[in-house]
Amino acid sequence: MMSAGPSGDEVGLESSLEASITSTCSFGPSRARIFKIIVIGDSNVGKTCLTYRFCTSCFPERTEATIGVDFRERCVEIDGEKIKIQLWDTAGQERFRKSMVQHYYRNVHAVVFVYDITNMASFQSLPSWIEECKQHLLSNDVPRILVGNKCDLRDSIQVPTDLAQKFADSHSMPMFETSAKNTTDHVEAIFMTLAHKLKSHKSLILSQPPENTVQLNSGAKTTFPCWC
Amino acid sequence: MRCPRGRGAQWGNAQGPPKGTTGGRAMSWRKQKALQIHQALTSDPIDIDALRNAAVSEGGLLSQEIRRKVWPKLLNVSVLSLPPKPGPSIRCNHRDFNQVEMDVRRSLRRFPAGMPDAERSVLQEQLTDMILYVLQSHPELNYYQGYHDIAVTLLLTVGPRLGTAMLSSLSTHHLRDFMERTMDPTKHMLNYLMPVIRCESVQLHDFMLRSEVGYIFALSWLITWYGHVLSNYHQVLRLYDFFLASHPLMPVYCAAQMVLMREQEVLRGDCDMPSVHQLLSNIPKDFPFETLVCRTHGLFQRRPPAQLVTQASLHKYKSVSIASFHSLLHSSSSQRPDFVLRRQADPEPGALAPPRSQNRLVKLAVWGLSASLGAAALAVTQSALEWGPEILLGLF
């Protein structure tokens with residue numbers, strides 16, 4: 001009685017999540033490198049929608065508060081190599097991140113910070129998220145990116161792009177503004193860029209010996225362009 | 001207490017009435033159980049042990065009509081001492097208002113499919129009021145995401161007034177540990193999970209330990225009593241029957257039992273955290289919940305918390321939820337039946353006028369009952385039809 005059936009591009013979260021889980025990783029997990037990416041940020045900034053968009057190519061019309069952590073994954077092929085991207089979608093409420101989410105920082109390969117460009121408070125929370133992240137991560141060279149979500153709501157913007165860009169620069173992070181709702185807003189490209197960056201990262205070897213010969217298609221060190 | 005013995009294909013015996021029954025006999029079994037519940041409700045004092053047994057045993061509380069009467073009793077909530085109808089001031093200046101509002105707004109999935117937006121909006125407003133009333137009246141309690149999943153189940157079953165009273169009682173008992181300033185007490189409750197599994201299967205326990213899966217997969221199960229993760233509302237109600245009648249740790253035992261029933265599946269999979277987390281997080285739609293409840297009940301009897309507490313990790317923490325459970329059990333054993341309470345509250349002709357406050361209480365109770373009826377009827381038409389309401393309605 002609770003889950004909506006598929007209708008066009010907007011799909012009940014539950015039904016299509018199952019589809020994504022059964023269909024995504026058709027090549028065996030043992031042969032694919034695994035990139036574990038944690039997605040964090042305030043409540044209601046759109047973390048679930050972003051991860052859902054990337055893993056299923058759909059925008060979930062009805063999402064709920066995430067309790068604890070949800071897990072989504074998608075297998076991609078980059079330069080002929082099969083890679084499994086695991087997205088850990090975390091709860092935004094402070095009490096969860098204080099005592100529960102730390103478990104999921106273990107062996108994490110990249111961090112995506114998300115804020116809502118129509119909600120200044122969610123942007124102002126970023127320093128505390130970044131600080132907590134530093135405490136949990138053992139290594140300083142774990143790639144991190146900043147994503148301003150909901151840029152389809154142009155009339156309600158509270159966080160100017162230049163302000164966010166300056167903040168991102170000061171923390172040496174690439175910054176993107178996007179919308180999980182609009183198909184044209186490059187959610188796919190953001191995560192794929194991150195995957196490319198991870199693929200080039202020598203320390204991220206899991207199930208294969210080091211590969212030093214991979215050529216990057218996109219920038220590995222410098223900040224990325226904002227596509228909005 | 002009736003409890004099917006597990007056997008059969010993947011998880012054991014399928015749910016249902018006693019084996020080999022025909023449709024007619026199954027109906028009479030339900031009718032008989034409903035009658036017993038009715039007798040327990042009308043005995044003076046109420047036979048709370050019989051109600052608890054009914055909530056746990058096969059079929060649970062059978063229908064929304066019965067739940068509406070029995071659920072409050074399980075928490076020692078009287079229909080005559082309901083909280084007042086909330087005013088607008090309830091939303092002012094509460095530290096958790098924004099979070100509550102945000103979560104309630106996004107809780108669409110928890111309302112019956114096909115419900116008109118206007119009706120759902122009214123219920124969502126009531127849901128926000130319920131939560132804020134409890135938080136306002138207990139400043140020591142902290143809202144957590146998932147609390148709204150419990151509140152909505154109460155709202156859809158017993159209505160806003162009884163729902164608020166029940167939520168208040170639950171929050172100071174079963175849910176108390178989840179509402180501390182931090183989630184450390186919640187983690188402590190989850191610490192029971194692996195020891196319970198170990199008691200039943202060392203192999204499964206060791207596999208899960210090696211995978212480093214932890215216990216976060218069971219977090220939303222525990223703090224929402226599975227309301228957040230199950231899409232089948234009947235399954236949610238069945239579990240709520242069980243948990244309302246049980247020890248605060250029962251949802252953790254239930255999580256352990258669920259994992260145990262999927263042991264072969266887990267052992268066949270990859271031994272790493274994402275694989276195990278993902279497998280366990282996705283509860284199969286056809287999971288046999290009746291068997292789950294029965295086996296969890298047995299597991300709890302076999303391995304009570306006191307037996308596990310000797311382990312170091314469980315030893316050092318005092319749980320308020322667990323400590324307060326015994327007082328709840330004690331206080332709920334001397335409840336009077338509703339009809340007695342109403343007769344007491346209702347002034348007889350010629351008698352002295354009752355105190356004004358009591359009179360007001362009656363009005364509020366009537367308001368609450370009618371509101372509950374409205375919401376319950378609205379929300380559960382489908383399920384009530386399925387349970388054969390004509391017989392049960394005839395009884396009550």
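Residues numbered from 1 in each chain as written. Chains lettered and ligands numbered in written order. Predicted model: local features only at pLDDT ≥ 70, side-chain atom pairs only at ≥ 80, totals over all residues. Heavy atoms only, no water.

- As recorded in an unreviewed UniProt entry, chain B goes by TBC1 domain family member 20 and comes from Leptobrachium leishanense.
- What the UniProt record of chain B gives under Subcellular location (unreviewed entry) is the line "Membrane". (UniProt positions renumbered as here; feature names shortened; annotations may be inferred.)

- Per an unreviewed UniProt entry, chain A carries the name small monomeric GTPase and comes from Leptobrachium leishanense.

A look at the overall build of chain A
Here is step 1: Each helix and strand in chain A was counted, giving 7 helices and 8 strands.
Here is step 2: Among the 228 residues that make up chain A, the fraction classed as buried is 56%.
Here is step 3: Contacts spanning at least 24 positions in sequence make up 78% of the contacts within chain A whose residues lie at least 6 apart.
Here is step 4: As displayed, chain A offers around 9500 Å² of accessible surface, 50% of which is attributable to carbon and sulfur atoms. (Helix = DSSP H or I, 4+ residues; strand = E, 2+ residues; numbered from the N terminus. Buried < 20%, exposed > 50% of the residue type's maximum accessible area, 1.4 Å probe, protein only. Contact = heavy atoms within 4.5 Å. Areas by Shrake-Rupley, 256 points an atom, 1.4 Å probe, with all protein chains shown as cover.)

Some details on the packing of helix α12 (residues 250-261) of chain B against helix α15 (residues 289-302) of chain B
All names here are of chain B.
Here is step 1: At their nearest, the axes of α12 and α15 sit 9 Å apart, and the two run at 115° to each other. Note on packing geometry: the crossing formed by α12 with α15 is right-handed. Counting all contacts with α12, which are made through Met 250, Tyr 253, Cys 254, Ala 256, Gln 257, Met 258, Leu 260 and Met 261, the residues of α15 involved are Phe 289, Thr 291, Leu 292, Arg 295, Thr 296, Leu 299 and Phe 300.
Here is step 2: Here the contact of α12 with α15 is built from residues that sort into 11 nonpolar, 3 polar and 1 charged. (Axes fitted to C-alpha atoms, helices over the stretch in contact; angles between N-to-C directions. Left-handed = near helix turned anticlockwise from the far one by under 90°. Nonpolar A, V, L, I, M, F, W, Y, C, P; charged D, E, K, R; others polar.)

Section: helix α3 (residues 64-74) of chain B
All names here are of chain B.
Here is step 1: By the criterion of burial, α3 is predominantly enclosed, with 9 of the 11 residues buried.
Here is step 2: Here α3 has its buried residues at Gln 64, Ile 66, Arg 67, Arg 68, Val 70, Trp 71, Pro 72, Lys 73 and Leu 74.
Here is step 3: One or two residues past the end of α3 sits Asn 76, with phi positive at roughly 60°.

Concerning the pairing of strand β5 (residues 81-90) of chain A
Residue and element names in this part refer to chain A.
Here is step 1: Counting buried residues in β5 gives 9 out of 10 residues, a clear majority hidden from the surface.
Here is step 2: Bridge count between strand β2 (residues 33-41) and β5: 7 bridges; the pairing is parallel. Pairing of Ile 37 across the sheet is with Leu 87, part of β5.
Here is step 3: Relative to β5, strand β4 (residues 69-78) runs antiparallel, the two sharing 10 bridges. Bridge pairing in β5 links Cys 75 to Lys 84. (Pairing = 2+ DSSP bridges.)

Some words on the interface of chain B and chain A
Here is step 1: In this assembly, 46 residues from chain B lie in contact with 33 residues from chain A.
Here is step 2: Among the residues of chain B in contact with chain A, Arg 106, Arg 109 and Gln 145 of chain B are the three that bury the most area, contributing 20% of the side total.
Here is step 3: Between chain B and chain A we count 1 salt bridge in total.
Here is step 4: For Glu 64 of chain A, the salt bridge identified is with Arg 109 of chain B, shortest N-O distance 2.6 Å.
Here is step 5: Among the elements of the structure, α4 (97-105), α6 (147-172), α7 (184-190), α10 (219-224) and α14 (273-281) of chain B are those that each provide at least two residues to the side of chain B that touches chain A.
Here is step 6: Partitioned by chemical class, the residues of the side of chain B that touches chain A number 18 nonpolar, 15 polar and 13 charged. (Buried area = accessible area lost by both parts, 1.4 Å probe. Salt bridge = Lys/Arg side-chain N within 4 Å of Asp/Glu carboxyl O.)

As for the pattern of salt bridges
Opposite charge on two side chains permits them to pair, given that their charged atoms come into close proximity.
Here is step 1: Counted under the stated rule, the structure contains 24 salt bridges over all chains.
Here is step 2: A salt bridge links Lys 150 of chain A to Asp 116 of chain A; the shortest N-O distance between them is 3.2 Å. Here Lys 150 of chain A, found in the loop between β7 (144-149) and α6 (161-170), pairs with Asp 116 of chain A, found in strand β6 (residues 110-116); they are 34 residues apart in sequence, far enough to count as distant. Both residues of the pair, Lys 150 of chain A and Asp 116 of chain A, count as buried.
Here is step 3: Among the ionic pairs, Arg 176 of chain B bridges to Glu 180 of chain B, the shortest N-O distance being 3.1 Å.

Regarding the environment of Gln 307 of chain B
Here is step 1: Residue position: Gln 307 of chain B is located in helix α16 (residues 305-308).
Here is step 2: For the pair formed by Gln 307 of chain B and Met 115 of chain B, sequence separation is 192 residues and the distance between their alpha carbons is 47 Å.

A look at the domain arrangement of chain B
Interface size, as often reported, equals the accessible area lost upon joining of the parts.
Residues and elements named next belong to chain B.
Here is step 1: What the domain assignment lists for chain B is domain 1 (79-172 + 337-395) and domain 2 (184-322).
Here is step 2: Here domain 1 and domain 2 share an interface that buries about 1200 Å² over both sides, 62% of which is from carbon and sulfur atoms.
Here is step 3: Among the residues domain 1 hides against domain 2, the three largest losses belong to Arg 109, Ile 150 and Thr 153. Together they make up 32% of the total.
Here is step 4: Across the domain 1-domain 2 interface, the total number found is 4 residue pairs in polar contact (both at pLDDT 80 or more).
Here is step 5: Those elements giving two or more residues to the side of domain 1 that touches domain 2 turn out to be α6 and α20 (356-386). (Domains from an automatic or database assignment. Polar contact = N/O pair within 3.5 Å; in protein donor to acceptor, adjacent residues only side chain to side chain.)

Considerations on the sheet that holds strand β8 (residues 175-177) of chain A
Here is step 1: Ordered by their spatial adjacency, 6 strands build an open sheet running β4-β5-β2-β6-β7-β8 (chain A), and the pairing between neighbours is mixed. At either margin of the open sheet sits one strand with a lone partner, and together these are β4 and β8 of chain A. Strand after strand, the sheet turns through a mean of 25° between neighbouring axes, direction not considered.
Here is step 2: Of the strands in this sheet, β2, β4 and β5 of chain A are in contact with α14 of chain B, which crosses β4 of chain A at around 125°.

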